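For reference, the chains in residue letters:
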Amino acid sequence: MTSARSFSLPTGPFRATVSVPGDKSLSHRAYIFAGMAAGQSAVAGAGTGADVASTRRVLAELGVEIDGEHVRSPGVDDWTEPAGDLDCGNSGTTLRLMAGALSGRPYRSTLTGDRSLRRRPMRRLVAPLGALGADITTTDEGTAPVIVGGGELGSADVEIPIASAQVRSSFALAALQGRASSRVDSPAGFRDHTERWLSTLGLGVWESKTAFRIHPGSIPPHRYEVPGDPSSAAYLWALAATRRGAWVTTPNVSLNPGRIGFLQVLEQLGAVIDAEVTSSMLGDPVGTVTVTGRGLFSTEVRGTLTAASLDELPLVGVVAALGEGITTVADAAELRTKESDRIASTVAMIRALGGGAEETEDGFVVVGTGFLEPGVVETNDDHRIAMAAAVAASRISGVVQIEDAEVAAVSWPTFYEDLEAVCSSR
């Protein structure tokens, strides 16, 4: 990415109802589930960002036909052996979930991606997939390319040491192809989309609040109606929270408990939150959220709340800087392994805009003064830093320049235009 973008947006209160792009996590899973099923499925409302496109591209290399909403697949047992490396772009979700899906294939598949993806940790897949009998290797540094497949899978009961939905899901997609049932457990705080879907489809059952047993079997064809992405809606929620008297309503968004920690953080910081479940997708709650801004204060984010708001923690830094008091984020060491070191990137962003912030080993501390100043933000090719900086810019009188701003297209191609439209709503 080489593009820069300068922002000077209306700073007053707004009132808006906005439909956000389809949920990225659910879009990946919908396409992979549909691709593993033999026959005709449909995926409606999927996210249009580059990460979801990576999953569609990888599936196409395996013989899955995707035309608009329609997905036609020979089924995972008859996927085509890939002719070359499978390019996952910048999408860690694509690589990790497809590593599980490909574990039981009789051929070897090489999963790789762009420079950023090839720096991210993949060794955490080796132990759980290996326990099933998968032949899986990474580089010596534990990164991509990941080579997987080539053998029959058995069964295993594994405990994953981190609350990672991607690792749990990778294991589950492999375990579906095993000879007997398998079990996965981990600390709480993960997104349980995959487990909810498998349970609803009769392919798994909860044994405790965190332990899930997977029953081998075929995923049936299905029509997936993907709701809006709460990780995208979070930028609009933050926008409203930072402006006294502003409100935004986001209908039809995923309200999975592992996805809405940011709403709890906003409430602790002083925003008014109204969330209502209106429907579900394969047992996954969907609903409407309204966030209203009033005075902002400070809070402490740690433990399961950190896990449930991990992707939004750069936004927490921005909102906290625009509040009053000292906000602490802890238990977030996982942020250092994302598209950028998001602890360092978040602190650098706040400082670049005249705010006070310090890194800690597993998080950061922000001194809220109620305002930020014009400046230049380096995104480090990280879409969440670029988007958080744009939210900060919406409260600054003056120009904020965001380097490599177009990296936001990874998750929300029209983000800046949509943000400007919301800021101008009355």
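Just above sits the structure.
Since the model is a prediction, treat every value here as computed from it, not as a measurement.

Observations regarding the packing of helix H12 (residues 383-393) against helix H13 (residues 415-423)
Thinking step 1. Put simply, H12 and H13 touch, their axes get as near as 11 Å, and they point 20 degrees apart. Between H12 and H13, the crossing angle belongs to the class labelled roughly parallel. Crossing of H12 over H13 shows right-handed handedness. Along the contact surface, H12 presents Ala386, Met387, Ala390 and Val391, while H13 presents Phe415, Tyr416 and Leu419.
Thinking step 2. Of the residues contributing to the contact of H12 with H13, the split by class is 7 nonpolar, no polar and no charged.

A word on empty space enclosed by the protein
Thinking step 1. For the structure shown, the criterion picks out 1 cavity of 30 Å³ or more.
Thinking step 2. Contributing to the lining of the largest cavity are Pro21, Gly22, Lys24, Gly47, Thr48, Gly49, Val52, Asp229, Ser232 and Ser411.
Thinking step 3. Residues belonging to the lining of the largest cavity are distributed by class as follows: 2 nonpolar, 6 polar and 2 charged.

Thoughts on the nonpolar core
Thinking step 1. With 75 residues, the main nonpolar core has Trp237, Leu266, Val291, Leu313 and Phe415 as its most contacted residues.
Thinking step 2. Val43, Val58, Val76 and Val286 belong to the second largest nonpolar core, which has 61 residues in total.

Quick look at the layout of surface pockets
Thinking step 1. The volume enclosed by the largest pocket comes to roughly 810 Å³.
Thinking step 2. Lining of the largest pocket is provided by 46 residues; of these, Gln166, Leu310, Asp311, Glu334 and Lys338 occupy positions nearest its centre.
Thinking step 3. Elements that contribute at least two residues to the lining of the largest pocket include exactly helix H1 (24-36), helix H3 (92-101), helix H5 (165-175), helix H9 (303-308) and H12.
Thinking step 4. It is H9 that contributes the most residues to the lining of the largest pocket, 5 residues altogether.
Thinking step 5. Classifying every residue of the lining of the largest pocket gives 12 nonpolar, 17 polar and 17 charged.
Thinking step 6. Computed from the structure, the second largest pocket encloses a volume of approximately 370 Å³.

Points about the side chain of Arg243
Thinking step 1. By secondary structure assignment, the location of Arg243 is in the loop between helix H7 (230-241) and strand S15 (247-254).
Thinking step 2. No salt bridge is formed by the buried Arg243, whose closest oppositely charged neighbour, Glu420, lies at an N-O distance of 11 Å.
Thinking step 3. Setting aside residues no more than four positions away along its own chain, Arg243 makes contact with Pro10, Thr11, Gly12, Phe14, Gly293, Ser394, Arg395 and Cys423.

Considering the pattern of salt bridges
Thinking step 1. Inspection of the entire model under this criterion finds 27 salt bridges.
Thinking step 2. Put simply, Asp341 and Arg336 hold a salt bridge, and the shortest N to O gap is 2.8 Å.
Thinking step 3. Residue classification places Asp341 among the partly exposed residues on the basis of a relative accessible area of 26%.
Thinking step 4. The exposure class assigned to Arg336 is partly exposed, which follows from its relative accessible area of 29%.

Comments concerning the sheet that holds strand S11 (residues 182-185)
Backbone hydrogen bonds hold the strands of a sheet together, and the pairing may be parallel or antiparallel.
Thinking step 1. Reading across from one edge, S10-S11-S13-S12 is the order of the 4 strands in this open sheet, with mixed pairing throughout. Lying at the two open borders of the sheet, with one neighbouring strand each, are strand S10 (157-159) and strand S12 (204-206). Pairs of neighbouring strands in the sheet enclose a mean axial angle of 15 degrees, with direction left out of account.
Thinking step 2. Note that S11 and strand S13 (residues 212-214) share 3 bridges and pair antiparallel. Within S13, the position partnered with Val184 by the bridge is Phe212.
Thinking step 3. Set on the sheet, H5 makes contact with S10, S11, S12 and S13; between it and S11 the angle comes to about 175 degrees.

Overview of the packing of aromatic side chains
Thinking step 1. With the rule as written, the count across this model stands at 7 aromatic pairs.
Thinking step 2. Between Trp206 and Phe212 the ring centres are 5.1 Å apart and the planes differ by 70 degrees, which places this aromatic pair in the edge-to-face class.
Thinking step 3. Given a relative accessible area of 28%, Trp206 falls into the partly exposed group.
Thinking step 4. For Phe212, a relative accessible area of 0% translates into the label buried.

Considering helix H2 (residues 50-61)
Thinking step 1. Here H2 is 12 residues long and its end C-alpha atoms lie 17 Å apart, about the 16 Å a rise of 1.5 Å per residue gives.
Thinking step 2. Among the residues making up H2, those that are buried are Asp51, Val52, Ser54, Thr55, Val58 and Leu59. Down the axis of H2, the sector holding all buried residues measures 150 degrees, keeping them to one side.
Thinking step 3. Summarising the contacts, the buried residues of H2 are in contact with H1, strand S6 (86-87) and H3.
Thinking step 4. Of the residues trailing H2, Gly63 is marked for its positive phi of about 100 degrees.

Comments concerning the pairing of strand S5 (residues 70-74)
Thinking step 1. The two faces of S5 differ: Val71 and Ser73 on one face are buried, but His70, Arg72 and Pro74 on the other face are not.
Thinking step 2. Bridge analysis of strand S3 (residues 38-44) against S5 gives 5 bridges, and the strand direction is antiparallel. What sits directly across from Gly39, in S5, is Ser73.
Thinking step 3. In this structure, strand S4 (residues 65-67) lies alongside S5, joined through 3 bridges in antiparallel fashion. By the bridge assignment, Ile66 is partnered in S5 with Val71.
Thinking step 4. The hairpin formed by S4 and S5 contains 2 residues between the paired strands, and Gly68 there has a positive phi angle of roughly 65 degrees.

Procedures and definitions
- Residues numbered from 1 in each chain as written.
- Predicted model: local features only at pLDDT ≥ 70, side-chain atom pairs only at ≥ 80, totals over all residues.
- Heavy atoms only, no water.
- Axes fitted to C-alpha atoms, helices over the stretch in contact; angles between N-to-C directions.
- Helix = DSSP H or I, 4+ residues; strand = E, 2+ residues; numbered from the N terminus.
- Parallel < 35°, antiparallel > 145°, perpendicular 65-115°, else oblique.
- Left-handed = near helix turned anticlockwise from the far one by under 90°.
- Contact = heavy atoms within 4.5 Å.
- Nonpolar A, V, L, I, M, F, W, Y, C, P; charged D, E, K, R; others polar.
- 1 Å grid on protein atoms, 1.4 Å probe; cavity = no way out; pocket = protein on both sides within 12 Å on 5 of 7 lines; lining within 4 Å.
- Points joined across faces, edges and corners; volume = space filled by probe spheres on them.
- Core = buried A, V, L, I, M, F, W, Y, C linked by side-chain atoms within 4.5 Å.
- Buried < 20%, exposed > 50% of the residue type's maximum accessible area, 1.4 Å probe, protein only.
- Lys, Arg positive; Asp, Glu negative; His and termini not counted.
- Salt bridge = Lys/Arg side-chain N within 4 Å of Asp/Glu carboxyl O.
- Pairing = 2+ DSSP bridges.
- Phe/Tyr/Trp six-rings, centres within 6.5 Å; stacked < 30°, edge-to-face > 60°.
- Expected span 1.5 Å × (residues − 1).
- Arc of directions from axis to C-beta.

Spatial relationships are all this shows, so hold off on functional conclusions.
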